[in-house]
Each structure stands twice: as C-alpha cells, then as structure tokens.
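Below are the chains, spelled out letter by letter.
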Amino acid sequence: MGISGRYDKVLETFLAEHENVAEKQGMNLMDVLLEAKGDEKSEYKITRDQIKALFVRMREEIDSVIGKSRLILETDLPNLPYLQAVVNEGLRLYPPIPVFGRRLQEGCVMGGFYVHEKTTLVVNGYAVMRDSDYWENPDDFKPERFLASSGSEQEDATKEKVLKYLPFGSGRRGCPGTNLAYIFLGTVIGIMIQCFD
Ligand code: HEM
C-alpha cells in the first residue's frame, strides 16, 4: 500500500473514533463537520461524493498543467484557475476573519441613516459574502462562480466584486498580506492535492 493509502487508513481510524464516541465532552472541528454531514436539516449537505468530485477536478487540472514529476511552485498558480477558484470560494464561505472595524473620521449618511463622526462600525464580511442579493445560491460551495467562463457572478464589474467579496477587508486598511496569503493557500492546498488521495 502506498503512503497515501496508509494515510487514508489513519484518517478513517480518526473518523471512526469521532463517530463512535458515546458521550462527547466539548466539540472540535472534526465533530462539527461530522455533525453537519449527518444533519438532515442542514442548509448545505456535505457529502463525500461532492468532496471527491472537487478533488478529482483539482487533481486533473494540476496533472495537466504540471505533470506528476514535481510539486507546485508559486509561479504555477496563475495557470491553475480551478485551484484558485476553490481557494476563493473557501474564503468566501469560511472567512478566517469574518468581521472587521472602521472608525468614522467624519459623519455621513449610510443606508439612509446619519452616522456621527468617531462612531465605530463593524463590517460583517461573513454576512456580505452570503448575501443572496449579491451571490447566487450563497450557501452553496461553487468554485465555478470565480471562473472567468462562468456567467453568474463573474460578469460583475471589478468595483462591485471588491465590495461584495471581503475575506481580506477592503480599501486603504485592507489586508496587506493578501498576495502572500493567496500564494501560501494555493501552494499548500495544491501540494496536498498532489500528495494525498
Ligand atoms: C488567509 C490569510 C489572511 C486573511 C483571511 C486575512 C484577512 C485580513 C482582514 C479581513 C484584515 C482586516 C482588513 C480591513 O480592515 O479592511 C486584515 C488586516 C491585516 N492583515 Fe491580513 N489576512 C491574511 C493574511 C495575512 C498575512 C499573510 C499578513 C502579513 C504577512 C497579513 C497582515 C495583515 C495586517 C498587517 C493587517 C492590518 C492592516 C491595517 O490595519 O492597515 N494578513 N487581514
């Protein structure tokens, strides 16, 4: 058995351990995911088949662009649009920093309300990125929405996209590490796809 087969076996043991514990004390991320998978009423069903289809498409893209003889480099990322779309969609649905703040230097009208200067506002990026006014089927994991060929979200003008896609905030206090973050997310996820089944 290859290394990835052996690794799969170890992971399956962990999964079985989590599924079979009768009385849980606290929950960790794997418990949360397993509960979502088993929850009939959950808004979005996670199935192993969906994860597999996503995985197969990413693996095909990486194999066709890079081959099987080396690992992904930073310079490969622009040639891997589906991998980038998966990273974008992951950040849209599960932003590591879901809210961020601003303090107003001047009073102004926002959404019909006058907001005084020095007011601290919290921007809920999580809610904006799941708003059905801006995103089609917002709770679905659909990386295709970030592909240039997709008609739905991609047709939006760049400015609007910046304001509805906020995993790194926006404007002059937006995250200065955005480019670095895309590089490490793309390479780390891509390398895991290359190395493990
Ligand atoms: C997945 C990775 C990352 C995410 C999701 C993330 C997200 C964010 C968000 C939402 C903000 C607030 C932006 C705003 O208020 O408009 C922020 C600020 C910031 N981030 Fe990141 N970040 C990431 C990685 C990084 C990295 C790799 C660095 C540096 C190497 C970095 C450095 C900073 C700094 C210094 C600020 C404060 C900017 C300011 O207040 O002017 N971040 N980040």
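The model shown is predicted, which means the values in this text are computed figures rather than measured ones.

Scoring rules and cut-offs
- Sequence order sets the numbering: in each chain, residues are counted from 1 along the sequence as written.
- Totals for whole chains, interfaces and linings use every residue, but because this is a predicted model, local features are given only for residues with pLDDT of at least 70 and side-chain atom pairs only at 80 or more, for both listing and counting.
- Only hydrogens and water are removed before side-chain values are computed, so all heavy atoms of the structure are retained for them.
- UniProt positions are given in the numbering used here, feature names are shortened, and annotations may be inferred rather than shown by experiment.
- Helix and strand assignments come from DSSP, with helices taken as H or I runs of at least 4 residues and strands as E runs of at least 2, each series counted from the N terminus.
- Relative accessibility decides the category of a residue: with a 1.4 Å probe and only protein chains considered, values under 20% of the type maximum give buried, values over 50% give exposed, and everything between is partly exposed.
- Lines fitted to C-alpha atoms define the axes here, with helix axes fitted over just the stretch in contact, and angles between the N-to-C directions of these axes take values from 0 to 180 degrees.
- Note that the term roughly parallel is reserved for angles under 35 degrees, roughly antiparallel for angles over 145, roughly perpendicular for angles of 65 to 115, and oblique for everything else.
- Here a residue-residue contact requires only that any non-hydrogen atoms of the pair lie within 4.5 Å.
- Classification convention: Asp, Glu, Lys, Arg as charged; Ala, Val, Leu, Ile, Met, Phe, Trp, Tyr, Cys, Pro as nonpolar; all other residues, Gly among them, as polar.
- Any residue with a heavy atom lying within 4 Å of a molecule or strand is counted as near it.
- Pairs of N or O atoms within 3.5 Å make up the polar contacts considered here, provided that, within protein, one atom can donate a hydrogen while the other can accept it, and that residues adjacent in sequence are counted only when both atoms are side-chain atoms.
- The definition of a nonpolar core used throughout is a set of buried Ala, Val, Leu, Ile, Met, Phe, Trp, Tyr and Cys residues joined through side-chain atoms within 4.5 Å.
- Only residues above 30% relative accessible area that lack a salt bridge enter a patch, with like-charged residues linked at up to 9 Å and the nonpolar side chains Val, Leu, Ile, Met, Phe, Trp and Tyr linked at up to 5 Å.
- The method behind every accessible area is Shrake-Rupley, applied with a 1.4 Å probe, and residues are considered shielded solely by the protein chains displayed.
- One side-chain nitrogen of Lys or Arg within 4 Å of one carboxyl oxygen of Asp or Glu is enough to make a salt bridge.

Draft legend 1. Quick look at the UniProt feature "binding site: heme" (unreviewed entry) in the chain. When the UniProt feature table is mapped onto this chain numbering, "binding site: heme" (unreviewed entry) sits at Cys175. Mapped onto the elements, cysteine 175 comes out in the loop between α6 (158–164) and α7 (178–195). Of the residues examined, cysteine 175 reaches a relative accessible area of 36% and is grouped as partly exposed.

Draft legend 2. Up close: the packing of helix α3 (residues 48–66) against helix α4 (residues 81–93). Closest axis-to-axis distance for the α3/α4 pair is 8 Å, and the angle between their directions is 140°. One way to sum up the angle between α3 and α4 is to call them oblique. Contacts between α3 and α4 involve Leu54, Arg57, Met58 and Glu61 from the former and Pro81, Tyr82, Leu83 and Val86 from the latter. Of the residues belonging to the contact of α3 with α4, the class tally is six nonpolar, no polar and two charged.

Draft legend 3. Broad picture of the site of the ligand. For the ligand, the set of nearby residues contains 17 residues, the closest of which are Arg102, Gly169, Ser170, Arg173 and Cys175. Here an oxygen atom of the ligand and a side-chain polar atom of arginine 102 are 2.6 Å apart. A distance of 3.1 Å is found between an oxygen atom of the ligand and a backbone nitrogen or oxygen belonging to serine 170. The set of elements that each furnish at least two residues to the shell around the ligand consists of β1 (99–103) and α7. No other element matches α7, which puts four residues into the shell around the ligand. In terms of residue class, the shell around the ligand is made up of eleven nonpolar, four polar and two charged.

Draft legend 4. Spotlight on the nonpolar core. Counting 21 residues, the largest nonpolar core has Met58, Ile62, Ile72, Leu80, Leu83 and Tyr165 as its most contacted members. When residues of this core are traced back to their parent elements, those giving at least two are α3, α4 and α7. Looking at this core element by element, the count peaks at six residues for α4. Not counting residues within four places of it along the chain, the set of residues in contact with isoleucine 62 comprises Gly67, Ile72, Leu80, Gly190, Ile193 and Gln194.

Draft legend 5. Structural context of a nonpolar patch on the surface. On the surface, a nonpolar cluster with roughly 470 Å² of combined accessible area is contributed by Leu180, Phe184, Val188, Met192 and Phe196. Relative to the helices and strands, methionine 192 is located in helix α7.

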